[in-house]
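Descriptive structure summary
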Amino acid sequence: MRTSQYILATLKETPSDAEIISHQLMLRAGMIRKLASGLYTWLPSGLKVLRKVEQVVREEMNKAGAIELLMPVIQPADLWEESGRWEQFGPELLRINDRHNRPFALGPTHEEVITDLVRKEINSYKQLPINFYQIQTKVRDEVRPRFGVMRAREFTMKDAYSFHMTEECLDNTYQRMHQAYCNIFERLGLDYRPVIADTGSIGGSVSHEFHVLAESGEDAIAFSDASDYAANIEKAEAVAPSEARPAPSKELNSFDTPEAKTIEELKAKHGVKPHRGVKTLIVYGAPDENEERGLVALIVRGDHELNELKAEKLELVDSPLEMAKEEDIVAAIGARPGSLGPVGLDMPIIVDRSAAVMADFVAGANKDGVHYSGINFDRDVTEYTVEDIRNVIEGDPSPCGKGTLHIKRGIEVGHIFQLGSKYSEAMNAGVLGENGKNQIMTMGCYGIGVSRIVAAAIEQNNDKFGIKWPKTLAPFELAIVPMNMHKSHRIPDIAERLYSEFQAAGVDVLFDDRKERPGVMFNDMELVGIPYTLVIGERNLDENKVELKNRITGEKLMLDIDSAVVEIT
Ligand code: ATP
Ligand code: MG
Ligand code: MG
Ligand code: MG
C-alpha cells in the first residue's frame, strides 16, 4: 500500500474526550472515528487489526471443533419472550418495531436465536455434542458507553454455543473452550488471566472470565499471593470466609423517614455510615400521588468516607420529598421500567455493588421489617474505584485457604459459561435420547470481545511515541520510509524496487511515498505502530545499505540492499 493512495488519518493532538491511552491512540493512529456515543467507524488501519484478531479467534475456534455460522443482528421479540428475557434484559436491549409494528431486538447476544435453530435442526442425541460460533456485530445500549471501542454500543463479538446430553459432556467442551481461549490470548501476545466468575442471574455453576491486565481496566480481579486462585471481585467476595467480612451496617438498616430536606440535614439526622468500603447507592421509597404505588423519591450515592453524598439526579436531592417520576429513577439507576415498585413509604432500598454484602443486608433488613423489591442486584449500578474495593477485600484470606487476596485491574475480554438448561428448558429444546425419549439439552456459551481486544492490546503495547503492535496484530508488517525522495533519483528508484520485491514476497508493506519531512514520516510510522521501518537514505545508499528499525526494541540494523528482502522475510 502507498500512503499517497491510503488514508493514514493520523492526528498530532490528543483528542480531549479520550480518557484512556488506547482510545487516544486509536484516534491518533487513524484506526477509528466516532460517529455518535458508543458508535465508531473502523478506518482502514483499524479494520486491518480487527480482522487479524478475528482470524486468530477463528482459527483457534475451528481447531477446537467449533463450527462457524452467522445469525441475524435483528431478532424477533417472540424468542425473547419465550426465554423470559424480553422483560428481564432491561434498557441495554435495543428494541425496534418493523413497518407492521412487530417488535424486534438488536441482538446483544444470541442464546435465543441459536437455541431456536438447534431445536429445529438437531433431532437426535447422535448429532451431539455440537458447538456453533459466529463472529458478528452485537448491539447493547450501554448506560455509559466509554473508552472508545472498549465499551461501545455496537461491537464485534465472537460468541459460541454448545449443546449436550450430559453435564460431563458440557464440561468437556467447556474445558476445550477454556484452552482455546488461552491459545487465542497467548497468540495475541496479551498478558491475561482466566479468573473464576460469578454466574449471577444467568445461573449455572461454572463460569470463567478472561481479563487482560491493565490499570485502566473497569473490572477488579482478586489473586491469592500463595496459590493459583484468581477470581473476579464479585466471586471472590461472595465466597470469602464470612468472618473476613464485617457484619452489615446497622446504621443503614435503621435509616428511617427522611424528614431532612437536604443532604446535609439527612447526614446529620441519620449519621449514615458506609456499608463496607463500596460506594453505596441509597434509594429512598415514597408513595406516588395516590399513595398506591411506591415510587422512589431520593437517590443518594455516598462514598466510603460518607463525607460526600452525591445524587444521581440533582433535582431528586434538592427536593427529596417531592415525587419523582419513575422515568427519572429508571434513568438514574439504570433499572427497568416497572421494576421499582412496590416500594412503600419510608422504605429504604440500599443497593450495594456487592451481591454478597447485599444478601447480608437484605437478610437483616427483612428481619427489621424493611422491604426491598424489584431491583436486579447483578446489575452494575454503582461506579467504584479499585481503592474502594481494596478497602473491601485486599488482605482478606483467600477463599482457597492459601494466602491472602490482592487486587488488580482487568479488562474483560472473554467470558465462558456452563449455562445448563436455562434456555433449552424455557424454549423446549430437546432431542431424542438414547432411550427413545425426548430429552432437554444442556448448553454452554462462550464469548470473546473481538473489538475490545484491539483496545486492550493497545493498553498493554504502547509508549510515548504511539502503539507498539506485536507482529500478529500490526496493520502493516513493514514500512518503507524513503528520506527526501524528491531530492534524488536514487532514493525513489530503490524504494520502488524494494516495495515491489516485498510485495512479491507476500509482506504487507506500507510505502510512505508522501513528500513529507522524514521526521513527520517516522512519527507517523511509530504512532501507527508498524513493527519494522526500512529507512532509505542518501548516505547509506553510498554503501549500498538501508537501515531497518525495530519499533519494539528500538534496535537499528544495517542491511545490504540486495539481501534486504531475503533477510527480512
Ligand atoms: P462487561 O462486564 O464489560 O459489560 P459483559 O460481561 O456484559 O461485559 P458478556 O456478555 O460476557 O459481556 O460478553 C462477552 C464479551 O463481549 C465480554 O467479555 C467483552 O469482552 C465483550 N463486550 C461486552 N460488552 C461490550 C461492549 N459494550 N463493547 C465492547 N465489548 C464488549
Ligand atoms: Mg455488560
Ligand atoms: Mg462482565
Ligand atoms: Mg461477561
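Residues numbered from 1 in each chain as written. Chains lettered and ligands numbered in written order. Predicted model: local features only at pLDDT ≥ 70, side-chain atom pairs only at ≥ 80, totals over all residues. Heavy atoms only, no water.

Quick reminder of the rule: UniProt positions are given in the numbering used here, feature names are shortened, and annotations may be inferred rather than shown by experiment.
The name given to the chain in an unreviewed UniProt entry is Proline--tRNA ligase, with the source organism recorded as Pseudoalteromonas phenolica. The Sequence similarities (unreviewed entry) comment attached to the chain in UniProt states, word for word, "Belongs to the class-II aminoacyl-tRNA synthetase family. ProS type 1 subfamily." According to its UniProt record, the chain has this under Catalytic activity (unreviewed entry): "tRNA(Pro) + L-proline + ATP = L-prolyl-tRNA(Pro) + AMP + diphosphate".

1. Side note on the overall build of the chain
In plain terms, the rule: The way it works is that DSSP assigns letters per residue, a run of H or I at least four long becomes a helix, a run of E at least two long becomes a strand, and they are numbered from the N terminus. Think of it in three bands: residues with accessible area under 20% of the maximum for their type are buried, residues over 50% are exposed, and the middle band is partly exposed, with areas taken using a 1.4 Å probe on protein chains only. It only takes one pair of heavy atoms within 4.5 Å for two residues to be counted as in contact. Each accessible area is a Shrake-Rupley estimate made with a 1.4 Å probe; only the visible protein chains count as cover when residues are assessed.
When helices and strands are tallied, the chain shows 19 helices and 27 strands. Burial statistics for the chain: of 569 residues in total, 54% are counted as buried. Taking contacts inside the chain between residues at least 6 apart in sequence as the whole, the part at least 24 apart equals 68%. Only carbon and sulfur atoms are counted for the fraction: they give 49% of the accessible area of the chain, which is about 25300 Å².

2. Focus on the side chain of His110
To keep it simple, the criterion reads: Two N or O atoms form a polar contact when they lie within 3.5 Å of each other; inside protein one atom must be a possible hydrogen donor and the other a possible acceptor, and for residues adjacent in sequence the pair counts only when both atoms belong to side chains.
Its place among the elements puts His110 in the loop between strand S6 (103-106) and helix H5 (111-121). Looking at His110, its side chain comes within polar contact range of the side chain of Gln134, at 3.4 Å. Aside from chain neighbours lying at most four places away, what touches His110 is Met71, Pro72, Val73, Gln75, Gln134, Gln136, Lys138, Asp159 and Tyr161.

3. Here's the deal with the nonpolar core
Heads up, the rule is: Residues belong to a common nonpolar core when they are buried Ala, Val, Leu, Ile, Met, Phe, Trp, Tyr or Cys residues joined through side-chain atoms within 4.5 Å.
In terms of nonpolar packing, the biggest core is built from 54 residues, with Met31, Phe185 and Trp469 touching the most fellow members. Per-element accounting of this core gives the leading share, 8 residues, to helix H6 (residues 167-187). In this structure, Phe163, Met165, Tyr423 and Met443 belong to the second largest nonpolar core, which totals 28 residues.

4. Focus: the pairing of strand S26 (residues 545-550)
Put simply, the test is: Following DSSP output, two strands are said to pair if at least two bridges run between them.
Pairing between strand S25 (residues 532-536) and S26: 4 bridges, direction antiparallel. In the sheet register, Thr533 faces S26, and the bridge partner there is Lys549. Where S26 and strand S27 (residues 556-560) come together, 5 bridges link them in antiparallel fashion. Residue Glu547 lies in a different strand from S27, and its bridge partner there is Met558.

5. Quick notes on the site of ligand 1
Rule in force here: Throughout, near means a residue has at least one heavy atom within 4 Å of the molecule or strand. All residues other than Ala, Val, Leu, Ile, Met, Phe, Trp, Tyr, Cys, Pro, Asp, Glu, Lys and Arg, Gly among them, are scored as polar; the first ten of these are nonpolar and the last four charged.
What surrounds ligand 1 is a group of 14 residues, the closest being Glu142, Arg151, Ala152, Glu412 and Arg452. A distance of 2.8 Å separates an oxygen atom of ligand 1 from a polar atom in the side chain of Arg452. Summarising the interface, the protein chains cover 83% of the accessible area of ligand 1, which totals 580 Å² for the free molecule. Of the residues forming the shell around ligand 1, the biggest block, 4 residues, is contributed by strand S17 (residues 405-420). Looking at the shell around ligand 1 residue by residue, the class counts come to 6 nonpolar, 3 polar and 5 charged.

6. A short note on the pattern of salt bridges
Test applied: We define a salt bridge as a contact between a side-chain nitrogen of Lys or Arg and a carboxyl oxygen of Asp or Glu at a distance within 4 Å.
Summed over the entire model, instances satisfying the criterion amount to 28 salt bridges. Between Glu59 and Arg187 there is a salt bridge, with the nearest N and O atoms lying 2.8 Å from each other. In this pair, Glu59 sits in helix H2 (residues 44-63) while Arg187 sits in helix H6, placing the two residues 128 residues apart along the sequence. When its relative accessible area of 32% is taken as the criterion, Glu59 is described as partly exposed. A relative accessible area of 32% means that Arg187 is categorised as partly exposed. A salt bridge links Asp512 to Arg514; the shortest N-O distance between them is 2.8 Å. Note on Asp512: relative accessible area 0%, which makes it buried.

7. Some thoughts on the environment of His489
For His489, the position within the fold is in the loop between strand S23 (478-482) and helix H16 (490-504). The class of His489 is exposed, set by a relative accessible area of 68%.

8. Quick notes on the coordination of the magnesium ion (ligand 4)
For clarity, the cut-off: Each metal's donors are the N, O and S atoms found within 2.8 Å of it, except that Na, K and Ca use a 3.2 Å limit; water is left out, so coordination can look incomplete.
Those protein atoms acting as donors to the magnesium ion (ligand 4) are Glu412 (OE) and His415 (ND1), and they sit at 2.2 to 2.3 Å. Here the magnesium ion (ligand 4) and the magnesium ion (ligand 3) are spaced 3.2 Å apart, and both take Glu412 as a donor. We classify Glu412 as partly exposed; its relative accessible area is 24%.

9. Side note on empty space enclosed by the protein
Just so we agree on the cut-off: Residues are called lining when one of their atoms sits within 4 Å of a cavity or pocket point, these points coming from a 1 Å grid over the protein atoms alone, where a cavity is a set in which a 1.4 Å probe fits but cannot get out and a pocket is an open set with protein on both sides within 12 Å along at least five of seven lines. Grid points are joined across faces, edges and corners, and a volume is the space filled by probe spheres set on the points.
Inspection of every chain in the model, using the stated rule, returns 4 cavities of 30 Å³ or more. In this structure, the second largest cavity encloses a volume near 70 Å³. Lining the second largest cavity are Ile20, Phe147, Met150, Arg151, Ser216, Gly217, Glu218, Asp219, Gly410, Ile411, Glu412 and Arg452. The dominant element in the lining of the second largest cavity, judged by the number of residues it contributes, is S17, at 3 residues.

10. Some points on the sheet that holds S27
We count it as follows: Note on geometry: axes are C-alpha line fits, over the in-contact stretch for helices, and angles between N-to-C directions span 0 to 180 degrees.
Strand order in the open sheet formed by 5 strands is S24-S23-S25-S26-S27, and the pairing between neighbours is mixed. What marks the edges here is a single partner per strand, and that holds for strand S24 (509-511) and S27. Ignoring which end each strand starts from, the neighbouring axes of this sheet average 25° apart. Packing of H16 onto the sheet brings it into contact with S23, S24, S25 and S26, and relative to S23 it is tilted by some 170°. Across the sheet, helix H17 (residues 518-528) lies against S23, S24, S25 and S26, angled at about 175° from S23, the strand it touches most.

11. Here we look at H16
Since the α-helix turns once every 3.6 residues, residues separated by three or four places project in the same direction. Note the following rule: To estimate the expected span of a helix, count its residues, drop one, and scale the result by 1.5 Å. This arc is built from the directions going out from the helix axis to the C-beta atoms.
Taking 1.5 Å of rise per residue, 15 residues should cover 21 Å, and H16 covers 21 Å from first to last C-alpha, within 8% of that figure. For H16, the complete set of buried residues consists of Ile491, Pro492, Ile494, Ala495, Leu498, Tyr499 and Phe502. On an axial view of H16, the arc spanned by its buried residues comes to 160°, and they lie on one face. Across from the buried face of H16, at angles greater than 90 degrees, the exposed residues are Asp493 and Ala504. Buried positions along H16 lie against S23, S24, S25, helix H18 (538-542), S26 and helix H19 (564-568). Looking at the residues trailing H16, positive phi occurs at Gly506, about 85°.

12. Remarks on the pairing of strand S5 (residues 94-97)
Here S5 pairs with S6 via 4 bridges, running antiparallel. Bridge pairing links Arg95 to Ala105 in S6.

13. Overview of the sheet that holds S5
Pairing is antiparallel across the open sheet formed by 3 strands, whose spatial order is S4-S6-S5. Only two strands of the sheet have a single partner each, and these edge strands are strand S4 (74-76) and S5. Neighbour-to-neighbour, the strand axes of this sheet turn through a mean angle of 40°, independent of strand direction.

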